[in-house]
Every structure is written in structure tokens, then in C-alpha cells.
Amino acid sequence: MSVKEKTLIREVLSSDQQSITTTTDDTMCSSQGRDSEYSSAQEQLLEFMEKLSSILTELKNDKRVIMTNSTPIQKAIESLEVDFKRAEALLKSSQFSLAHDEQHIQVQVIVQNLARALGLVLFASHDVVEITNKVEIETLRKDMMKMSSVNKPSLIMSSDESEFSSYDREIVEEEDDRITLDVDDVVVQIKYSDEKILKRALNGLNTLVLDGMITKETVHHEDMIPVLFNRLSSSKADHRLIILRILKALVAQDDEYKEKMAEMGNLSILVKSLGRDFEEQKEAVGLLVSLSDVAAVNRRVGRIQGCIVMLVAIFNGDDQMASHDAANLLNSLSGNTQYALHMAEAGYFKPLVHYLNQGSDMSKILMATALSRMELTEQNRASLGQDGAIEPLVKMFTTGNLEAKQSSLNALHNLSTSKANVQCLIRSGIVATLLQLLFSVTSVLMTLREPASAILAKIAAQPEAGIVLVKHDVAQQMLSLLNLTSPVIQCHLLEALNAITARPNASRVRRKMKENGAVRLLLPFLTESRNTKIRNGALHLIYVLSNDMQGGELMEQLEEMHLNILINVVSSSSTTDDEKAAAIGILSNFPVNNKNVTDMFMRANLLPILVSILMSSTPTTSWLLAENIAAILIRFTLPSDKKLQQFSADNGVINALVKLLTCGSIVAKSRAATSLAQLSQNSFVLRKSRKSRWFSCAPPHPTDGFCSVHDCHCSTRSTFCLVKAGAVPLLVEILQGNEREADEAALTCLATLLQDEIWENGSNFLVKMSCVQPLIKNLEEGISLKAQDRSLWILERIFRVEAYRVEYGESAQVVLIDLAQNGDSLLKSTVAKLLAQLELLQPQSSYF
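Residues numbered from 1 in each chain as written. Predicted model: local features only at pLDDT ≥ 70, side-chain atom pairs only at ≥ 80, totals over all residues. Heavy atoms only, no water.

The name given to the protein in an unreviewed UniProt entry is U-box domain-containing protein 44, and the organism recorded there is Nicotiana tabacum.

Turning our attention to the overall build of the protein. When helices and strands are tallied, the protein shows 52 helices and two strands. Counting the 848 residues in the protein, one finds 51% classified as buried. Long-range contacts, defined as pairs at least 24 residues apart, comprise 70% of the intrachain contacts of the protein with a sequence gap of at least 6. Carbon and sulfur atoms make up 50% of the accessible area of the protein, which amounts to about 39,300 Å² in all. (Helix = DSSP H or I, 4+ residues; strand = E, 2+ residues; numbered from the N terminus. Buried < 20%, exposed > 50% of the residue type's maximum accessible area, 1.4 Å probe, protein only. Contact = heavy atoms within 4.5 Å. Areas by Shrake-Rupley, 256 points an atom, 1.4 Å probe, with all protein chains shown as cover.)

A few words now on unusual backbone geometry. Although it is not a glycine, phenylalanine 720 sits at a positive phi angle of roughly 55°. One can find phenylalanine 720 in the loop between strand E2 (712-714) and helix H45 (722-725). A residue is classified by how much of its surface remains accessible, and phenylalanine 720, at 3% relative accessible area, is buried. Positive phi, normally seen in glycine, also occurs at glutamate 839, with a value near 60°. Position of glutamate 839 among the secondary structure elements: in the segment after helix H52 (828-837). Residue classification places glutamate 839 among the exposed residues on the basis of a relative accessible area of 73%.

Attention now moves to the packing of aromatic side chains. Taken as a whole and judged by the stated rule, the model has one aromatic pair. Centre to centre, the rings of phenylalanine 315 and tyrosine 348 are 4.9 Å apart; their planes meet at 75°, and the pair counts as edge-to-face. Taken as a pair, phenylalanine 315 in helix H18 (residues 307-315) and tyrosine 348 in the loop between helix H20 (337-345) and helix H21 (350-358) lie far apart in primary sequence, 33 residues in all. You can call tyrosine 348 buried: its relative accessible area is 4%. The ring of phenylalanine 397 carries lysine 405 above its face, with NZ or CZ at 5.5 Å from the centroid. Over the aromatic face of tryptophan 759 sits the side chain of arginine 800, whose NZ or CZ is 5.2 Å from the ring centroid. (Phe/Tyr/Trp six-rings, centres within 6.5 Å; stacked < 30°, edge-to-face > 60°. Lys NZ or Arg CZ within 6 Å of the ring centre and 35° of its normal.)

Right, let's get into the pattern of salt bridges. This model, assessed by the stated rule, comprises 28 salt bridges. Between arginine 530 and glutamate 528 there is a salt bridge whose closest N-O contact spans 3.7 Å. Residue classification places arginine 530 among the exposed positions, given a relative accessible area of 77%. Residue glutamate 781 pairs with arginine 740 through a salt bridge whose shortest N-O separation is 3.8 Å. On the criterion of sequence distance, the pair formed by glutamate 781 in helix H49 (residues 772-781) and arginine 740 in the loop between helix H46 (728-736) and helix H47 (743-751) is long-range, its members being 41 residues apart. For glutamate 781, a relative accessible area of 43% puts it in the partly exposed group. Ionic contacts of the salt-bridge type, sharing partners, join the residues Arg245, Lys248, Glu279 and Glu283 into one network. (Salt bridge = Lys/Arg side-chain N within 4 Å of Asp/Glu carboxyl O.)

With respect to the secondary-structure elements, serine 407 resides in helix H25 (residues 402-415). Serine 407 gets classed as buried once you look at its relative accessible area, which sits at 5%. Polar side-chain contacts of serine 407 include one of 3.2 Å to the backbone oxygen of alanine 404. (Polar contact = N/O pair within 3.5 Å; in protein donor to acceptor, adjacent residues only side chain to side chain.)

Right, let's talk about helix H40 (residues 623-633) for a bit. With nine of its eleven residues buried, H40 lies for the most part within the structure. Those residues of H40 lying buried are Leu625, Ala626, Glu627, Asn628, Ile629, Ala630, Ala631, Ile632 and Leu633. Of the surrounding secondary structure, the elements contacted by the buried residues of H40 are helix H34 (532-546), helix H37 (577-588), helix H38 (595-603), helix H39 (606-615), helix H42 (653-663) and helix H43 (666-680). The residue sitting at the N-terminus of H40 and contributing the capping side-chain oxygen is serine 622; that oxygen lies 3.3 Å from the backbone nitrogen of leucine 624.

Moving on, we come to the packing of helix H28 (residues 449-460) against helix H31 (residues 487-501). Where H28 contacts H31, the two axes come as close as 8 Å, and the packing angle between them is 20°. When the axes of H28 and H31 are compared, the pair comes out roughly parallel. By crossing handedness, the relation of H28 to H31 is classed as left-handed. Residue-level contacts link Arg449, Glu450, Ser453, Ala454, Leu456, Ala457, Lys458 and Ala460 of H28 to Val488, Ile489, His492, Glu495, Ala496, Ala499 and Ile500 of H31. Tallied by class, the residues present in the contact of H28 with H31 amount to nine nonpolar, two polar and four charged. (Axes fitted to C-alpha atoms, helices over the stretch in contact; angles between N-to-C directions. Parallel < 35°, antiparallel > 145°, perpendicular 65-115°, else oblique. Left-handed = near helix turned anticlockwise from the far one by under 90°. Nonpolar A, V, L, I, M, F, W, Y, C, P; charged D, E, K, R; others polar.)

What follows is about the confidence of the model for the protein. Overall, the prediction assigns the protein a mean pLDDT of 83, with 85% of residues at 70 or greater. Considering only residues more than four positions removed or in separate chains, one finds that residues 1-38, a stretch of pLDDT under 50, has 49 contacts. Within the model, the stretch residues 692-699 combines pLDDT values under 50 with five contacts to residues more than four positions away or in other chains. (pLDDT = per-residue confidence, 0-100.)

Inspection of every chain in the model, using the stated rule, returns three cavities of 30 Å³ or more. Contributing to the lining of the largest cavity are Val470, Asp473, Ala475, Gln476, Arg508, Val509, Lys512 and Met513. Of all the secondary structure elements, the ones that give two or more residues to the lining of the largest cavity are helix H30 (474-481) and helix H32 (507-515). With four residues, the single largest contributor to the lining of the largest cavity is H32. (1 Å grid on protein atoms, 1.4 Å probe; cavity = no way out; pocket = protein on both sides within 12 Å on 5 of 7 lines; lining within 4 Å. Points joined across faces, edges and corners; volume = space filled by probe spheres on them.)

Turning our attention to the packing of helix H27 (residues 430-438) against H28. One can describe the packing of H27 onto H28 by two numbers: an axis separation of 9 Å at closest approach and a directional angle of 135°. With respect to H28, the element H27 is oriented oblique. Of the two elements, H27 crosses H28, and the hand of that crossing is left-handed. Mapping the contact onto sequence places Ile430, Val431, Leu434, Leu435, Leu437 and Leu438 in H27 and Arg449, Ala452, Ser453, Ile455, Leu456 and Ile459 in H28. Classifying every residue of the contact of H27 with H28 gives ten nonpolar, one polar and one charged.

Counting residues in each nonpolar core, the largest one holds 181 residues, and the members touching the most others are Leu352, Ile459 and Leu587. Residues in contact with isoleucine 459, not counting those within four places in the same chain, are Val422, Ile426, Ile430, Val431, Leu434, Ala465, Leu469 and Arg503. (Core = buried A, V, L, I, M, F, W, Y, C linked by side-chain atoms within 4.5 Å.)

Here the focus is the environment of glycine 286. If you trace the backbone, glycine 286 turns up in helix H16 (residues 278-291). Apart from the residues within four sequence positions on either side, glycine 286 is in contact with Lys248 and Asp325.

Taking burial as the measure, the ten residues of H49 include seven buried ones, the bulk of the element. Those residues of H49 that sit buried are Val772, Pro774, Leu775, Ile776, Lys777, Asn778 and Leu779.

Relative to the assigned elements, glutamate 796 resides in helix H50 (residues 785-798). According to the relative accessible area criterion, glutamate 796 is buried, its value standing at 14%. Glutamate 796 has contacts with Lys833, Leu834 and Gln837, leaving out every residue within four places of it along the chain.

Mapped onto the secondary structure, leucine 735 falls in helix H46. Given a relative accessible area of 1%, leucine 735 falls into the buried group. Not counting the four nearest positions on each side in its chain, leucine 735 is found in contact with Arg740, Asp743, Ala746, Leu747, Leu750, Pro774, Leu775 and Lys777.

As C-alpha cells, then:
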């Protein structure tokens, strides 16, 4: 708005209040002079104008109205004032001296124009500013509209027909831009006008409908409902919102409008609004709910593409009212089974569950069959369980005919990937029935074995199922079925058996399976090439069983042919990390001191393969794979076989072990530390032998570097040196960490640097590596007696150096005294030596 426009508006709004009051008084006196008897209409007009005078004064002096930048409000007030002045002028003029009937019509016209202008003020202020006495103004407007509607005169007047034609044409031209409330003209404008005029026409019609000014005859005569729906399909968003509100208001006034709105074309237009912005979809779903008691609506609207999907989306939305309306409409539609299925496919499951509980037998089968075929998300499955789908499906399976059993079991299979649903299945008592079915020889029930085995596999994975499945030799019976069933069932049985045998309380089950030849029964599946799931399942089951086998027990079960099969699994590029981990795990369970097994591994070139896997591993590589490789490397680093150790070092084993210390699990770190300790045990011996050779012949290898611990030129390949491998800081990190499982192995490894011949050099190096405080911490927190014993042994060597006793003795003495008083009796002798070193105990003490 320009500065000039603002100035003009303020001048109008700031005009003298007295002028309005004075002119009203003059008008009333002039009227009384002409006629001492007033008609009822004239008296009402004068009463209205007196109230309007007060309202106009308040509006013009209202600071909130003056300060607002809303031009529509200010122009609406101007328009009201112009109508007020015209009414004054007409009452004063000679034209008002007409016959009673004509005079009555004139009064109605005046009042109707004033009411319309007052309504514009209210409309323009909506959502912009809260004007004073709004309720009083609205009441006055309604009273004026009631009076003016007795004979319903036309509200659109040309300048030639107007009773105000004596005025300036400039004022009349201003009035051409105002909203008019004539029904006939409004409908015409809605039909044919552009967007700008359409909004004013729709607002006018909305006001008339809300004021009860539209009759049933007018709605039918003007084809108002088809006109509105036509515009609803083509107008922009804010216009569609007004149209929907008009349609809702019409429905609220008369149920007869519903039939017209329920035509298929109109419903299709309404459904489009469900997919638009929030306010529009809210109005549209509310209107559809209002129409839903018409039978045709429920038949038709569910067939409209996308309707049910959008209703479900609104139901899941944040607006409570819209969600409630959507739920009501969905429930109205759910009487049709096909619509109930469409709702389920869209993620609204209550109607489907209702049919499963209370539908006919055929309806139940229909719903269960559909449910078995649906692509469900984890959230969908959980929702179905929460809505109560499990119980009726279990009942169908246990009591229904074959078709009911088939459909319900397949549906339960689809739901059984949800942990919550599996727990519900266990509570339902279905496990015993599934097992009975699995072992049944009745031909008609054979087709049910596949989903039954799949559900049992899911149940077996849950801790709650342990009591049922571990008892009664279920695992042994499942094992006996492996060679008698289809590949699909074999996969499910192996999955269930792996879950059962992996339980901590299943040691008896594992023992009994081994005694009954489970490993030999499973070995043929290792050559399965068509179904990798079967091979993988068999591998894992043999691995789990082999973990409990002692000594040569595993050797008795597997021959060299089977070892080669396992090694081929490890070396193949087509096998997964899980398969490799299981195969290596089986190989690692052979006795480490069995020379024949080691020779077979050497002939198969297994060591380079394992090192390659470790060195190419990433943070996403299976931890079990790394742990099992670390376990098998212990065989290749035995200190009793220096030649094998040298072979391992030449093939990069030490670098692979150090890598495990940096990024492996705590189990892998422990096993890696064990292998490094075995290698380091021979470092001092190798130092002496190489030193003598260097004196007698060639100079040291160019890659060898001087080692302060071994006091010679060392390297990882020549002397297996922990210092040159960079392993010591990593071993200290293990002691500083929060996990204690690898402490014993790490301490054993560090202790190899404190052998009798090199203990002083080793002590200096470990102190330099900040090892003392982690040792003291281990004495405080250690969960392993052996680890504590090893820490005490290392500290005793370090504290032989007086400087270290002075530096660290005070921090160690509290822990040592506590161990002397409360520690294990096996530690007391070593603790006493340390206390004596710190001069806290006499050498002849009874602690020794």
C-alpha cells in the first residue's frame, strides 16, 4: 500500500466522531417532522442506524484497526460508512415519502446493504485483528439480515436502478468492487468467473449458507452442488478449502444434499482432496464421514483408486480430529471384505483382525490367505501382533479343516519373523502341535511340514522356547528327519538345530547328538553345492558340536577328505565369511599338538590362506572369522617347533597377529597374544644363535635393528621380537582397557621380555612403555587368578630395580597389603616377596 493510500485511509478513520452522531440525530428529527406515526420497519431501521453510529465510531477510533496494514479491513470500514451516509441521505430526501409498501421495500434494501457492509468488516478482520465488540457486531448483522430477508429483494443494483442514484457517480463506481450477497449472481460468478472474483463469490456464498439464507429450492434450482464440485476439481487450494466448508455446512443443514454429493464423480473429486495439503484433507475427510451414512458412499468410495491408502495415511497422521474421522470412515468401509484387505495392505489391520476373530469360516480363510502373501515390514508384523492376529490364527490351525490349517500356518509363518509375535506363539502353546505335525506321517498333513519347520526355526531362536525344545529329545528327532525331507525343510531344521544346540543349557543335547553320530550324519551336507544354506547350516552345526569334543574325538569323526573339504571352503572366493568362520572353527578344534593334522594343513597350504584373509580384513569382517583364525594360528606358533615358527614368521604371521591386537575382538586379541607369547619365548635363544653366526660369518641382515631388550640386532622374521613388531604398546592397551578377558594372555606375552638373562633390560623397557600402573590396576580388578599371579611376577622383576621401587612402590603397597590379607592363598608367597622388596615385611615372615 502506498504512502498516499495510507494517508487517505487515516484521514477517513480520523474524521470527527461527532459528525456521525449529529447526522443520525438530524435524520431522526427530520423523519419525525414528516410523519408522527412510524411503521415497524422504519423504527427498526432507525434503531439499527443508532447502533451502527456507535459501532462506526468505535471502529474508527480502535488503535488496533488503525495500526494494521490490512487494506481490506480499512476499505470495508469505508464501505460501511458510505452505506451509512447513503441511508441518512435517503431518509432525509423526498424520495422516502412513498406509499407504505414501497417504503417498506426501501427500508429492507437499506438494511440489507448495511448488513452486507457490516459483514464485510467482520470477514476482512478474520485472522488479522480482533476487533472490539465483535459478538455485538455479529448479533446486529444477523438481526438486520433477518429483517431484510422477508421479501428477499435483489441485492445487486445498477447505478440507474439504485435509490442512491442522486449521489455522485464516483461513489457508485467505488461500490462496484464490493462483495455482493445475491444468491443468483453468486452462483453465476462461481460458475464462470476468474480466480480473483471466485474467492469473493465463495466467501459471500459461505456467509449466506452459515446465516441460513439459502433455501433448499435455491440449492436445487441453481444446481449449486454440481457447480461447487465442478469448481472443487479445478480451483486452487484456498478456494477448494472454502468450497469444502460450504459443502459441509449444506450437509449439516439438510440430509437431502447427501444423495447429490454421493454421486461417483463427486466422490472422486473429494478423494483427490485427501491427498492434498493438511487443511484440505482434514475438511475432505470430515465431509466424507458426513456422507458415509449413505449406503452408496461406502460402496463407491472404496473403489476409488488411492482412497483407502490416503485414509490410512491420515489415520496415522498427527491431527487427532482428522485421524478420528479417517478411522470412522475406514470402519464404515470395512463391512466389505475386499476393502478390509486393501486396508491391511495399506497398513491398517484392525478390520482384518476383526474378520479373523468374528468372520465366517470363509472370511477367516480369505484373510489368513491374504496375510500369508502380504509383503510386511517389521513394524507391520508388530502391529498385527498388537492388534491380536496371533490368537485367532493359532485357533484356526489347531481346530480348523485342512484349508484353514494351511492358510493360518502360512500366515503365522509370515508373522513369525517378529520377536514379539514369536513370544506370543510360544505362550499360545503351539510348539507341541507343530512338533507333532513335523513328525506326522499322515499324507494329507505333509504339505504343512514346510511352514511348520519354518516357524519352529524362528521359535528356536527365542530364549523363551528353550525349556520346550531342549527337553524330550526334540533336537535328536529333528536330526533324524534331515535325510527324509525336502531341501527347504532341511534348511529350517538345521536353523532350528543350530539355535537349540547353541544354548548354554544344551550341553546334554549336544552330548547326546554326538553320541548318536550327528557329525557323521552332517558331513555329506558339506558337499552340497546347489543349496548353500544347507551347507552353511551343516557347517555351523558341526562347528558347535566340535567345540565340546576332546582330544582325538574329532579326529575319529573326520578323515583327511573332510579336512580338505573344509580347507576348500576356507580358500574359496565364493563362500561367505560365515561359512569360512565355521569351517576354520572346526579346523581350530583339532588338537594343536597333533603333528599329523599340522602336516595335512601344511600340505593344503592353509597358513598363507589364513594370513591373507586376516591382512585383507576390514572393520566389517566377521569377528568370529578373526577369532577362529587366531585360534588356529596357535598351532602354527608352538614354541616346541622352531622350524614351524620360522615358516609362520616368513609368511607374515606376526604382522597378522599385531593387526588382531589393534582391531580384533577381545577374544581375538587374547588368542593373538598367546601366539605372540609363544613366538617371543624363543627370541632370546634365536638372538644367541644369530649373534654367534654374525661373529663367525656374514654381517647382520640389513632389515635387522638393534633391540634394547635383547641387546642385539632383532627383527620380526629373524628373532620374532615383540619390540620390533610394535606389539608391546598394544599389549599394555589391553591391560588399560575395560575388558579383562585378554589380560592373562597379554601378561604372559609381556613376561617373555623378563626372562632371567634379560630381565633388567625388559624391566627398563616395560617401565618406559608405562606398564606399571596397568599392572597394579590388574591386581585390583583382575578376574583371573592366573592374571594376578602373572602381574605379581612381572612387578617383582621390575621392583628389583631400586629406582622403580622408589617411584612406584607407594602406589602399589595398598593393593599388595590387601592381597596379603584378603587375596588367594596361592598368591601370598609372591605378594610377600614384593612387600619385602618394599621393606614392608621382614624376609623371615610367616607369609613366605
